[in-house]
Each structure stands twice: as C-alpha cells, then as structure tokens.
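For reference, the chains in residue letters:
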Amino acid sequence: MNNKKKETKVLCPRCGTEFAIAEKEYTTVATVVGKNSGLGVVYPAVAKQDVSTNSPKLPKTAQDRIEALRNAGVDVSCLFAMRGANGGECVASNKDGKLVILDDNDPLFSYIIEQGTVPNRRLFRRWVMAQMFHMMSYTSYRSKEPLGVTEMIHRLGYEYQWKMLMNELYAQMKMENKDPESFVERNRWFNINVVAVMAYDYITQLRERVDALKVRKCKGIPYKRICSRNIFVSDLAVKLYYPLDMAMTRIRQAKNAAQLYNAAKTFNDLRIKMSSDTPQSKAWIDAYKGSGAYFTMQNLVRFHGCVAYDDADNRLDKIQSLDFILIKAMMYANGEGWRLLAVLKKMLADNNIDIKKKMASWRK
C-alpha cells in the first residue's frame, strides 16, 4: 500500500489552469485544502458563463463564409469554396477570369488561418523539382539560351513516355487505397483519358508507319516486313491492329487504377517499338509539364520558403499559396497543364529564385 500523500492541485475545469497554493497556507475554494492535504486533484466550482456571448461564433467552413458574405449583401456569384492541399478550406473568386484567394483576415470573416509548418508525411515527389529545374535551365554548348522544357522532353525520346507511364500507373495502383490523397494528386495528370489518347495516337502513328513501308511479295501475295515480322497485307487488320484496338477498349473501360494499369500493360506489351524521333503524344507531354510544374511549386512553398501571388498580384501566405496552386492545377488539368509552367515561372520570379544558383547550392 502506498502511504505517500498525493500532491494537491486545484485546476480550472474549463481551461485546466492550475491555481497556486502556498506551501504552508490554505486556500478556500468551496472547501479548505492545503498543498499536502492528500486530496489529489480538486476542481473548484466556477460561475456558469455563456461562452457564445464572449466569443462570437465564426464561420468554420469556406461555404459558411460565403453564406456570411451573401447575408451581408455581397454578390457571391463569382465565389466558390475550395478544400486545400493541406486539408484546410478557402474562399476563391474567379471574377473576370482572375483567380483571387480571399483573405481570411477580412473583418467579415473574423477568421484567422493559423500559419505553421506543413506536415511532411510524404516527400511530395521532391525529385521532380530537380528534374524540372534541369529542363528549364539546360543550355547546350552551341547556345547561350536554355533549350526549354518542350525540347528537353522531346530529347527523352518516344519510348520514354511509355516507360514513364507504366511506372506511374503502377505507383497509382499501389496507392489508390493506401494513400488516396496522393493518388488524387497524381491521377489528376496521368489518368484514363491520357492513357486512352496515348493508345489512340500510337495506333494512328503505327498505321502511318506501316502504310509507308515497301510492299513485298511471296508467291504473288503482298506482305510487309514490320520489325522482323512478315505479315501479309490482308492480315494486317487481324494480326496487327485488332489486338491493339481491343486493348485500347479495355483501357477506356477501366474502372479503377488496377484495371487501368493491367489494360495499359497489355497494350504496351503488344506495341511495336517506335523510333526515338517519333512525335510523343501531346496528351502525355501536357500531363508531364503540368505534373512537373505542380509538384515543383508545392515543394517550393513547403520546403523552400516561397509563396504565390494570385492573379490580382496579392501576396499569399503559405497555406493560401498551396490552395492557389491546387486551384490552378484543377483548372488546367484537362489538356492545359502546360499553363502551369507559366505559373511556376512567375512564382520563381516573384520569389527571386535563380534556378542555376539554386542547383549550384544543391551540388555543394
């Protein structure tokens, strides 16, 4: 049995504040207690207060804030609520084509977004930023100006897009259920629509390539030699194109990441490799640019102290910057990912980031 007396504490039942008790004096709080009275923790009675009268009720969600504006007589037709990448919410305006994040310090909201370090649960694809910086800054020995992102992507060659795509779809398949947040961020760029367009583009280019091949004959029957395969012209549809068409149909019918990966893998396994200078799919190029710019801007804000300026040139804080980037990504995700490169370049300029100096410091 423990005979040691419990140290008495007097705590506020609302906020937990500990009241001071003198070593050799007594304090009256509905009952007489002392430091060594052995009573343990004591909660003094306090007068009931109406908390709502002291603390005005503030709009908790972005939609509530919009309603507050509507009730105040403000035109909210151009406003919409957004859930940010960090889990918080914000109110955005898209009036006259200008995207502006409304400041939550507005007296009408009386709501302050708490600043602080964004939880780093994942690396947020930090290697993408180094890759994008390399593409944006690379200069050949023959030129003083950077070659540009588009040219650098072309230099990767045609087959790179399929290798990269399969790796991406495999990663999405693994994370769809385990990490849905990351899945959404990555599937925004490389998804069923992009894969279907890539497949269609490939079949179109293959037909053009085969049509341009010389017609040979075997016992009077015309055939074409395609990558060490001899196929009769009459069999091209059945042996070459039909299997690819069926695989493309499976891609379009995919219902989840696993089905999409398996359908794309089937199509990729059936493909005849194309020459390196074959034009890459425009859908893939756009997704590649959008994804690269998006994750680069996220990393600049999360880990390098950068912020964004909205379309009205208002300086945003850290959380607002992440929300702004997310909104831009959602606006440009359907075939306009290339526009995010301009947003990225503006962020670099606004934050006085010199890419070459940044990369040089990393090398050190």
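Rules behind the numbers
Residues numbered from 1 in each chain as written. Predicted model: local features only at pLDDT ≥ 70, side-chain atom pairs only at ≥ 80, totals over all residues. Heavy atoms only, no water. Salt bridge = Lys/Arg side-chain N within 4 Å of Asp/Glu carboxyl O. Helix = DSSP H or I, 4+ residues; strand = E, 2+ residues; numbered from the N terminus. Buried < 20%, exposed > 50% of the residue type's maximum accessible area, 1.4 Å probe, protein only. Pairing = 2+ DSSP bridges. Expected span 1.5 Å × (residues − 1). Bend = angle between axes of the 7 residues up to and from the residue. Contact = heavy atoms within 4.5 Å. Axes fitted to C-alpha atoms, helices over the stretch in contact; angles between N-to-C directions. Core = buried A, V, L, I, M, F, W, Y, C linked by side-chain atoms within 4.5 Å. Phe/Tyr/Trp six-rings, centres within 6.5 Å; stacked < 30°, edge-to-face > 60°. Lys NZ or Arg CZ within 6 Å of the ring centre and 35° of its normal.

### Quick notes on the pattern of salt bridges
Under the criterion given, the structure shown has nine salt bridges. With its nearest N and O atoms 3.0 Å apart, the salt bridge here joins Glu168 to Arg186. Separated by 18 residues along the polypeptide, Glu168 in helix α5 (residues 158-175) and Arg186 in helix α6 (residues 180-187) bring together distant segments of the chain. Assigned by exposure class, Glu168 and Arg186 land together as buried. Residues Lys239 and Asp235 are paired through a salt bridge, measuring 3.9 Å at the closest nitrogen-oxygen approach. Here the salt bridges share partners, and the residues they tie into one network are Asp313, Lys346 and Asp350.

### Thoughts on the pairing of strand β11 (residues 229-232)
Of the strand pairs in this sheet, strand β10 (residues 221-226) and β11 are connected by four bridges, and their pairing is antiparallel. Bridging from a neighbouring strand, Ile226 pairs with Arg229 of β11.

### With respect to helix α8 (residues 236-252)
For an α-helix, the turn length of 3.6 residues means that residues three or four places apart are oriented alike. Taking 1.5 Å of rise per residue, 17 residues should cover 24 Å, and α8 covers 23 Å from first to last C-alpha, within 8% of that figure. Along α8, the sharpest change in direction is near 40° and occurs at Tyr242; proline Pro243 comes one to four residues later. Inspection of α8 places Leu236, Leu240, Tyr241, Leu244, Ala247, Met248 and Ile251 among the buried residues, and these make up the whole buried set. Where α8 is buried, its residues touch α7 (192-211), β10, β11 and α9 (257-270).

### Overview of α5
The first and last C-alpha atoms of α5 sit 27 Å apart over 18 residues, in line with the 26 Å expected at 1.5 Å per residue. Taken as a whole, α5 has its buried residues at Tyr158, Gln161, Trp162, Met164, Leu165, Met166, Glu168, Leu169, Gln172 and Met175. Residues of α5 that are buried sit in contact with α6, α7, α9 and α10 (282-303).

### Concerning the sheet that holds strand β9 (residues 216-218)
With respect to topology, three strands assemble into an open sheet ordered β9-β10-β11, the strand pairing being antiparallel. Strands with a single pairing partner mark the edges of an open sheet, and in this sheet they are β9 and β11. The mean angle between the axes of side-by-side strands here comes to 45°, regardless of whether they run parallel or antiparallel. Here α8 sits on the sheet and contacts β10 and β11; the angle it forms with β11, its principal contact strand, is near 115°.

### Looking at the sheet that holds strand β8 (residues 100-101)
Here we have three strands laid out as an open sheet, ordered β6-β7-β8, and antiparallel in their pairing. Of all strands in the sheet, those with a lone pairing partner are β6 (79-83) and β8, marking the two edges. Relative to β6, helix α11 (residues 318-332) is tilted by about 105°, and along the sheet it contacts β6, β7 (89-93) and β8.

### Some words on the environment of Val149
Locating Val149 in the fold gives a position in helix α4 (residues 149-154). Residue Val149 is classed as buried on the basis of its relative accessible area, which comes to 8%. Along the backbone, Val149 and Lys289 are 140 residues apart, and their C-alpha atoms lie at a distance of 8.0 Å. Each residue touching Val149, except ones within four places of it in the same chain, is listed here: Met135, Met136, Lys289 and Leu341.

### Points about unusual backbone geometry
Excluding glycine, residues mostly have negative phi values, and the peptide bonds linking residues are mostly trans. Its identity as a non-glycine residue notwithstanding, Lys219 has a phi of 55°, on the positive side. Locating Lys219 in the fold gives a position in the loop between β9 and β10. Positive phi is not limited to glycine here, since Cys227 has a value of about 50°. In this structure, Cys227 sits in the loop between β10 and β11.

### Comments concerning the pairing of β7
Counting buried positions along β7 gives four out of five residues, so the element sits mostly inside the fold. Two elements, β6 and β7, share five bridges in a ladder whose sense is antiparallel. By the bridge assignment for β7, Met82 is matched with Cys90. Here two bridges tie β7 to β8, and the two strands are oriented antiparallel to one another. What sits directly across from Ser93, in β8, is Val100. Adjacent in sequence and paired antiparallel, β7 and β8 are bridged by six residues, among which Asp96 carries a positive phi angle near 55°.

### Some words on the nonpolar core
In terms of nonpolar packing, the biggest core is built from 78 residues, with Tyr202, Phe267 and Leu340 touching the most fellow members. Top contributing element to this core by residue count: α10, with 10 residues. Once residues within four sequence positions are removed from consideration, Leu340 is found in contact with Trp189, Gly290, Ala293, Tyr294, Met297, Lys328, Ala329 and Tyr332. Judged by nonpolar contacts, the second largest core, of five residues, contains Ala62, Val76, Leu79 and Val91.

### A look at the packing of aromatic side chains
Tallied over the entire structure, the rule returns eight aromatic pairs. Between the aromatic rings of Tyr160 and Trp284, the centroid separation amounts to 6.0 Å while the plane-to-plane angle is 75°, which identifies the pairing as edge-to-face. Here Trp284 lies in helix α10 and Tyr160 lies in helix α5, a separation of 124 residues in the sequence. A relative accessible area of 25% means that Tyr160 is categorised as partly exposed. Counting every residue linked through ring pairs, the aromatic cluster contains Tyr160, Trp284 and Tyr288. One cation-aromatic arrangement involves Arg271 over Tyr202; the distance from NZ or CZ to the ring centre is 5.3 Å.

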